[in-house]
Amino acid sequence: METEVCLKNIQMNKKAFYTIVLFVSITQQSIGQDFNQIEAKIDSLMTNGILPSMAIGILKDGEVIYERAFGYSDIENGVPSTIHTPYQLASLSKPITASTIMKLHENGIINLDDPITKYVTLKKVDSTFTDPTIRQVMNHTAGLGTYFDIYYADERVNPVSFAEAWAQYGIQLHQPGKVSEYSNLGYGLLDDIISKATAVSFKQNVQETVFEPLKMNDSFLIGPKLNIGQKLAKSYGHSSTVLPHLWTNTPGAGNIAASVHDMIQFASAHLQIQPYNFLKVASIHEMNTYEEPNALFHYYQDTFYGLGWYVMKNDKGQKVVWHEGGMMGASTTLKLYPKENTAIVLLTNTYNPAVCRSVSDLISGLVIENYTPTPINEVAEYKPVVSDTTFVGTWKGTMQIEEQEVPISMNIENETIQFSYLDNRFASSFLTDYSPLPFHSKLQFGLVNQGYFAGTGVGELSAANNRNCHQHLLSFRLLKNGSSLRGEVIYLAGGEREHYALPYSIALEKTGF
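If you're wondering where the values come from, they're calculated on a predicted model, not measured in any experiment.

Peer 1: Account for the overall build of the chain, with residues named and values stated.
Peer 2: Along the backbone of the chain there are twelve helices and 25 strands. By the compact-globule yardstick of 24 Å for 513 residues, the chain fits well, its C-alpha radius of gyration being 23 Å. When its C-alpha atoms are laid out on the principal axes, the chain stretches across 70 × 55 × 45 Å. Every one of the 513 residues in the chain was classed for burial, and the buried ones make up 57%. Intrachain contacts of the chain at a sequence separation of at least 6 include 63% that bridge at least 24 residues. A total of about 20,900 Å² of accessible surface is found on the chain, and carbon and sulfur atoms cover 51% of it.

Peer 1: So, helix α7 (residues 184-198): which residues are in play, and what are the values?
Peer 2: For α7, built from 15 residues, the straight-helix expectation of 21 Å at 1.5 Å per residue is met to within 8% by its first-to-last C-alpha distance of 22 Å. A large share of α7 lies buried, amounting to eleven of its 15 residues. Listing the buried residues of α7 in full gives N184, L185, G186, Y187, G188, L189, L190, D191, D192, I193 and I194. Downstream of α7 by a residue or two, A199 has a phi angle that is positive, lying close to 60°.

Peer 1: I'd like to hear about the pairing of strand β23 (residues 472-481), residue by residue, with values.
Peer 2: Taken together, the seven bridges between strand β22 (residues 452-458) and β23 define a ladder with antiparallel strand orientation. When the bridges of β23 are listed, F453 appears paired with L478. Pairing of β23 with strand β24 (residues 484-493), which is carried by ten bridges, proceeds in the antiparallel orientation. Counterpart to L478 in the pairing with β24 is G487. Taking the residues that link successive antiparallel strands as the turn, the β23-β24 hairpin has two residues, and the phi of G482 there is positive, at about 65°.

Peer 1: I'd like a rundown of the sheet that holds strand β12 (residues 310-315), residues and numbers included.
Peer 2: Across the sheet, eight strands lie side by side as β3-β2-β1-β15-β14-β13-β12-β11; this open sheet has antiparallel pairing. Whereas interior strands pair on both sides, the edge strands pair on one side only; in this sheet they are β3 (79-80) and β11 (303-305). As judged from the two bridges shared by strand β2 (residues 63-74) and β3, these two strands associate in the antiparallel manner. Its bridge partner lying in β3, D74 is registered against V79. Against the sheet, helix α3 (residues 36-47) makes contact with β1 (53-60) and β2, and its axis sits at roughly 10° relative to β2, the strand it touches most. Packing against the sheet, helix α12 (residues 353-367) makes contact with β1, β2, β13 (318-327), β14 (330-337) and β15 (342-348), and its axis sits at approximately 155° to β15.

Peer 1: Tell me what's going on with unusual backbone geometry, and back it up with residues and numbers.
Peer 2: Both trends apply: most residues other than glycine have a negative phi, and most peptide bonds are in trans. Its identity is not glycine, yet N370 carries a phi of approximately 55°, on the positive side. As for its position among the elements, N370 is in the loop between α12 and β16 (383-384). What makes N370 exposed here is its relative accessible area of 75%. Phi at N414 takes a positive value of approximately 55°, unusual for a residue other than glycine. Of note, N414 is situated in the loop between β18 (404-413) and β19 (416-423).

Peer 1: So what's going on with the side chain of T250? Which residues, and what values?
Peer 2: Along the chain, T250 turns up in the loop between β9 (246-248) and α9 (251-254). Discounting chain neighbours no more than four positions away, the residues touching T250 are Y147, F162, N184, L185, G188 and D191.

Peer 1: Help me get a handle on the pairing of strand β6 (residues 148-152), residues and values and all.
Peer 2: Most of β6 sits inside the fold, with five of its five residues counted as buried. Burial along β6 is two-sided: F148, I150 and Y152 and D149 and Y151, pointing in opposite directions, are all buried. Alignment of β6 against strand β25 (residues 500-512), held across two bridges, turns out to be antiparallel. The residue bridging F148 from the neighbouring strand is A501, located in β25. Where β6 meets β9, three bridges bridge the pair, whose relative direction is antiparallel. Within β9, the position partnered with Y151 by the bridge is W247.

Peer 1: Please provide a residue-by-residue account of helix α4 (residues 94-106), values included.
Peer 2: One turn of the α-helix equals 3.6 residues, which is why residues spaced by three or four share an orientation. The terminal C-alpha atoms of α4 lie 18 Å apart, and with 13 residues this matches the ideal 18 Å at 1.5 Å per residue to within 8%. For α4, the buried fraction is high: twelve of the 13 residues fall into the buried class. Residues K94, P95, I96, T97, A98, S99, T100, I101, M102, K103, L104 and E106 constitute the buried set of α4. Backbone geometry just after α4 places G108 at a positive phi near 75°.

Rules and cut-offs
- Residues numbered from 1 in each chain as written.
- Predicted model: local features only at pLDDT ≥ 70, side-chain atom pairs only at ≥ 80, totals over all residues.
- Heavy atoms only, no water.
- Helix = DSSP H or I, 4+ residues; strand = E, 2+ residues; numbered from the N terminus.
- Rg over C-alpha atoms; globule rule 2.2 N^0.38 Å.
- Buried < 20%, exposed > 50% of the residue type's maximum accessible area, 1.4 Å probe, protein only.
- Contact = heavy atoms within 4.5 Å.
- Areas by Shrake-Rupley, 256 points an atom, 1.4 Å probe, with all protein chains shown as cover.
- Expected span 1.5 Å × (residues − 1).
- Pairing = 2+ DSSP bridges.
- Axes fitted to C-alpha atoms, helices over the stretch in contact; angles between N-to-C directions.

Such coordinate-based values are descriptive only and should not be taken to indicate function.
The structure is reproduced here in structure tokens:
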């Protein structure tokens, strides 16, 4: 439903609507800080319909100095957001999953350095690859692919279970410890390992290990249906359109819901501010300091991914430990500044990471003296592919699409990158005499960073899980080793809603210039 229609239904104009929200949904503690600048920015975002709601929590020197909710968690029914409103955390679930693993490690139930093959079978593109460890899954260096699968309550689809997804896409693409490749599939595997190691559900493990000790009373694991009594901020899409209830088949990667008040509790525990019955100091330290030796972290500056956290070692004198979450109907941020004993939490019920980042940067600059954070820029260290002449030329090889081995080629010349393959979708058509048709995709961009290639084009593959999605992108993540390129093409469904990103292995050899 459009925002204007919603406002009309409750008989007030947009300006008045959000002005009232700013007063009815305040729960604030403030100690010697002037947050007028922040509130003015949020007021503007609400007034202009950019955000349905936002909840903010700020912790400094061991004290909560600001907690406040703006806007409506449910516009249509006039339900204001509060500091106890649960929001879908999306990928901000990962530090919670990692914390659960760490507690089980402390208790001797899970060994971080055990191979994942202790719990699951694993397909490999190269039989000489060693088995990745649980630790390497936690820091995204296990060699697994990029993946997500989102389900909506109003769509008639039989959801794919994690076990089914793992059987299809649980493929090791790289030698473990070689490159950090963000993997929701990996964090789905972690919640599966937690359940198998304890013979207790992931839901119960998180409840007993994290939520109860930290008194995170508004937090829960999201499933296909909400339980009686569970209230979740309604999700909104583009132009404030209402989204149905949604979830993924990798719960440990993105299915946790929590309020801003709860996430401040979680942040406080990770800053070791209060004596919670939570993790040992050594475990918390390991989560935000462990850096996989010799792995390529193709991020910016000195950023790496630890055990459930992104870490920037030195941003203008500050160590920054953080995680973001983003999916249809959710953008979330949690930043820790250990040196300052400061934490910032932002939760929203629409996808707008740019707004979350700008607000968190504004808050960081206000609460930390003489500090202006470096804006997050994932491609800051990337350059056009032709800047590395070793990529220029013709590459040929194969792409594994489920049971099909498809011949492919990639030609990189000047500013043009063309990806070609045989399209098996038409292999049974009388029009082609049972032969696949050649398909050519001109990539929209191609970037490189330390031998790592990222590029995106338009294309269709003969993948089974297409859910009647008629627009797809092909997103490439390839690592160069001499005259070889290895990695994945991610089959990404387009359209008004995010549905899936499916990884397929690629192997290319350079054949000419």
